[in-house]
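One-letter residues, chain by chain:
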Amino acid sequence: MKIAAWNVNSLRVRLPHVLDWLAREQPDVLALQETKTENANFPVAAVAGAGYRSVYSGQKTYNGVAVLSRSDMLDPVTDIEGLDDPQRRILAVTVDGVRIVDLYVPNGSEVGSDKYAYKLDWLAKVGAWLEAELARHPRLVVLGDFNIAPEDRDVHDPEAWRDKILCSGPERAAFRAWLDLGLRDTFRQFEQPEKSFSWWDYRMNGFKRNLGLRIDHILASGGLECLSCRVDTGPRGLERPSDHAPVVAELRVGAE
DNA sequence: ATGGTAGGTTTCCTA
């Protein structure tokens, strides 16, 4: 299964990039974040024209997640017990026996802010749900925009970002706690170029100067073998790009 | 400490 995660920062604006990328990369599954599209306006027909089915959980203006797949998607879940959240950030589906959890983790704005407290609470509650989801589904993928750079090597300037949002100790601890549930960061299973990132600020020529962070991730459970994982920086260099690049992994059902 | 850019039922909010 070739699977990818991409924060598109408005699917309406990015639809041409997404359709071109699907045609070129031919993934089995593409998980989108920040679609910023109400369900009634989701571009189902354009996506179907590219050979993909759509499942989505959207809202006006902010957030929004969707999964595009060549195969049927079963048992969609958009809300979890104990998290009464109107923000559309979670979408789980099952494709070919693999449980796929598409997440748009809250940004958190600033360490110490109300949004930061919401982020940490969200991470704890979703983590508890993932633990149960892992017990139900030995073949589990958790992917999307985590808004967490797990380690200093995931940050272009670790000292400037020290204890800042996306890099703070509690955020990194929450990420590690998710790994400790039995998930692997597939990107780090392979040798990677130095300064590999998945997001670059639109400001200050961030992409051209590679002033990025690696905050988009594909985590896989022990029931899945990962054959490769990379960031495709190509779309970030296009005209009118998303500020994120797609992360792509090849998974195979393992022995477990 | 500030600002730069992008998207959105836009004159601020979010990232």
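Residues numbered from 1 in each chain as written. Chains lettered and ligands numbered in written order. Predicted model: local features only at pLDDT ≥ 70, side-chain atom pairs only at ≥ 80, totals over all residues. Heavy atoms only, no water.

Some words on the sheet that holds strand β8 (residues 140-145)
- Spatial strand order, β5-β6-β7-β8-β12-β9: six strands in an open sheet with mixed pairing. Edge positions in the open sheet fall to β5 (74-77) and β9 (183-185), since each of these has one partner strand only. Here the strands of the sheet are splayed against their neighbours by 20° on average, with no regard to which way each runs.
- Two elements, β5 and strand β6 (residues 90-95), share two bridges in a ladder whose sense is antiparallel. Bridging from a neighbouring strand, V77 pairs with A92 of β6.
- Across the sheet, helix α5 (residues 169-180) touches β7 (98-104), β8, β9 and β12 (216-221), and the angle it forms with β9 is around 125°. (Pairing = 2+ DSSP bridges. Helix = DSSP H or I, 4+ residues; strand = E, 2+ residues; numbered from the N terminus. Axes fitted to C-alpha atoms, helices over the stretch in contact; angles between N-to-C directions. Contact = heavy atoms within 4.5 Å.)

Here's the deal with the UniProt feature "binding site: Mg(2+)" (unreviewed entry) in chain A
- Here the UniProt feature "binding site: Mg(2+)" (unreviewed entry) sits at N7, E34, D145, N147, D243 and H244. The named residues occupy 238 residues along the chain; their greatest pairwise C-alpha distance, 12.7 Å, places them in one compact cluster. Taking the annotated residues in turn, N7, E34, D145, N147, D243 and H244 line the largest pocket.
- Inspection of the secondary structure assignment puts N7 in strand β1 (residues 2-7). (UniProt positions renumbered as here; feature names shortened; annotations may be inferred. 1 Å grid on protein atoms, 1.4 Å probe; cavity = no way out; pocket = protein on both sides within 12 Å on 5 of 7 lines; lining within 4 Å.)

Some thoughts on empty space enclosed by the protein
- Taken as a whole, this structure holds one cavity of 30 Å³ or more when the rule is applied.
- Here the largest cavity is characterised by a volume of approximately 50 Å³.
- As for the largest cavity, its lining consists of T78, D79, I80, L83, D85, Q87, R88, R89, I90 and W122. (Points joined across faces, edges and corners; volume = space filled by probe spheres on them.)

Considerations on the sheet that holds strand β3 (residues 53-57)
- Pairing in this open sheet of six strands is mixed, and the strands run β3-β4-β2-β1-β14-β13 from one edge to the other. Across the chains shown, the open sheet's two edge strands, defined by having one partner strand only, are β3 and β13 (224-231). Strand-to-strand, the axes of this sheet are offset by a mean angle of 15°, without reference to chain direction.
- Alignment of strand β2 (residues 29-33) against strand β4 (residues 65-69), held across five bridges, turns out to be antiparallel. Counted as the bridge partner of L30 is L68 from β4.
- With respect to the sheet, helix α1 (residues 11-25) is in contact with β1, β2, β4, β13 and β14 (247-253), its orientation differing from that of β1 by roughly 160°.

A few points about the packing of aromatic side chains
- Considering all chains together, one arrives at six aromatic pairs under this definition.
- A centroid spacing of 4.3 Å and a plane angle of 15° characterise the contact between F42 and Y56, whose relative ring orientation is stacked. Placement of F42 in the loop between β2 and α2 (44-49) and of Y56 in strand β3 is noted, with a sequence separation of 14 residues between them.
- Measuring from centroid to centroid gives 4.9 Å for W200 and F207, while their planes differ by 80°, and the two rings are edge-to-face.
- Chaining the aromatic ring pairs together yields one cluster made of F146, F175 and W178. (Phe/Tyr/Trp six-rings, centres within 6.5 Å; stacked < 30°, edge-to-face > 60°.)

A look at the protein's contact with DNA strand B
- Close to DNA strand B lie 17 residues; S10, R12, K60, T61 and R203 are nearest.
- Taking all atoms of DNA strand B within 4 Å of the protein, the share assigned to sugar and phosphate is 66%.
- Between DNA strand B and S10 there is a distance of 2.3 Å, counted from a phosphate oxygen to a side-chain nitrogen or oxygen.
- A distance of 2.6 Å is found between a phosphate oxygen of DNA strand B and a side-chain nitrogen or oxygen belonging to R12.
- Ranked by residue count, the leading element in the surface near DNA strand B is α1, at three residues. (Near = heavy atom within 4 Å. Polar contact = N/O pair within 3.5 Å; in protein donor to acceptor, adjacent residues only side chain to side chain.)

Description of the side chain of S196
- You can see S196 is positioned in the loop between β9 and β10 (199-200).
- Within the local environment of S196, its side chain forms a polar contact with the backbone oxygen of P193, the two atoms lying 2.8 Å apart.
- Ignoring anything within four residues of it in the chain, the contact list for S196 reads F187 and R214.

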